[in-house]
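# Descriptive analysis of the structure
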Amino acid sequence: MKIKPINVKFLSLFLCIFALSISCKPKIAIKVNNREEIFVDVNIVPTESAKKIIRSFSKISSDESIFEGKEENIEKFSMDNGVKITKFKNTSSLEVSLSMQFPSTNLTPSIFSVNKKEGSLKFSLDRDKLKVFVENMKDEDKAYLELLMAPSLQGTDTSEREYASLIASAYGNKVANELLSSYIDLVFEMPTTIKTVNTQPNIKYEIKGKKAFINIPITKVLLMNEPILITVNYK
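Residues numbered from 1 in each chain as written. Predicted model: local features only at pLDDT ≥ 70, side-chain atom pairs only at ≥ 80, totals over all residues. Heavy atoms only, no water.

## Structural notes on the packing of aromatic side chains
Under the counting rule described, the total for this entry stands at one aromatic pair. A centroid spacing of 5.5 Å and a plane angle of 45 degrees characterise the contact between F112 and F123, whose relative ring orientation is tilted. Pair noted here: F112 is in strand β7 (residues 112-115) and F123 is in strand β8 (residues 120-125), with a separation of eleven residues, a long-range link. Residue F112 is classed as buried on the basis of its relative accessible area of 5%. Its relative accessible area of 12% is what places F123 among the buried residues. Between the NZ or CZ atom of K208 and the centre of the ring of F213, over which it lies, the distance is 5.8 Å. (Phe/Tyr/Trp six-rings, centres within 6.5 Å; stacked < 30°, edge-to-face > 60°. Helix = DSSP H or I, 4+ residues; strand = E, 2+ residues; numbered from the N terminus. Buried < 20%, exposed > 50% of the residue type's maximum accessible area, 1.4 Å probe, protein only. Lys NZ or Arg CZ within 6 Å of the ring centre and 35° of its normal.)

In structure tokens form, the structure reads like this:
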């Protein structure tokens, strides 16, 4: 499967920001409707330190966007794998907002899957799936991922302490410390009241009616020493 450029560029920036100590959290909302369709909204606002490092690396000026040097505002874009981009916007300040609709089947690699009979949604992410995304990137897009120096993309097992030391040597202790305390906010909204949530590895969560709030440490994505699996049961 060949991923469209818009998806590739979004993922590239998304992963780069993970590595650049986001004190303001990336926020991702996942909603399943009564027809088992999956809708995802992503909002990313990088800190000034993150912007500075990205711009320095990519050699762009302060009034340009990382995406082809211009702002983008796209609506209703369909990809070959069945994923629909209902809204995509990035600004010259490197802020990104993205709305997508995923089919519940025929996704390769599968990130989301819905079991209508059991009433459950599974979100899964591992190194193989990250590898597929990276392999479909253009060379110039892959260059941004070098900012990460992420073991999950390099196929190596590294401790959190070792990775923090690596980031500190490249970007300074402030960036490394912020990275260790950064989280991705996930909000799952189901068509009916959520019964249980299961996470692997163990990740903190809170259930409030039809919604489940989960905070994933960014280092778990960057290290990926074990796959991330979240199952939300709503029947």
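## Points about the pairing of β8
Most of β8 sits inside the fold, with five of its six residues counted as buried. As paired strands, β7 and β8 are joined by four bridges and run antiparallel to one another. Its bridge partner being in β8, V114 is matched across the sheet by L121. Counting the residues that bridge the hairpin from β7 to β8 gives four residues, and of these G119 lies at a positive phi of roughly 70 degrees. (Pairing = 2+ DSSP bridges.)

## Here's the deal with the pattern of salt bridges
Scanning the model with the defined rule gives three salt bridges in all. Here R127 ties to D157 by a salt bridge, and the two come within 3.4 Å at their closest N and O atoms. Separated by 30 residues along the polypeptide, R127 in helix α3 (residues 127-135) and D157 in the loop between α5 (151-154) and α6 (160-171) bring together distant segments of the chain. For E206, the salt bridge is made with K208, and the minimal N-O distance between the two is 3.8 Å. (Salt bridge = Lys/Arg side-chain N within 4 Å of Asp/Glu carboxyl O.)

## Regarding unusual backbone geometry
Looking along the chain, the bond that leaves Q200 and enters P201 is cis, with omega of -5 degrees. Relative to the elements of secondary structure, P201 occurs in the loop between β10 (196-200) and β11 (205-208). Unlike most non-glycine residues, E36 shows phi in positive territory, near 65 degrees. Here E36 lies in the loop between β1 (27-32) and β2 (38-44).

## Observations concerning the environment of Y163
Among the secondary structure elements, Y163 is positioned in helix α6. Its relative accessible area of 2% is what places Y163 among the buried residues. Put simply, Y163 and P151 are twelve residues apart on the chain and 8.1 Å apart in space, counted from C-alpha to C-alpha.

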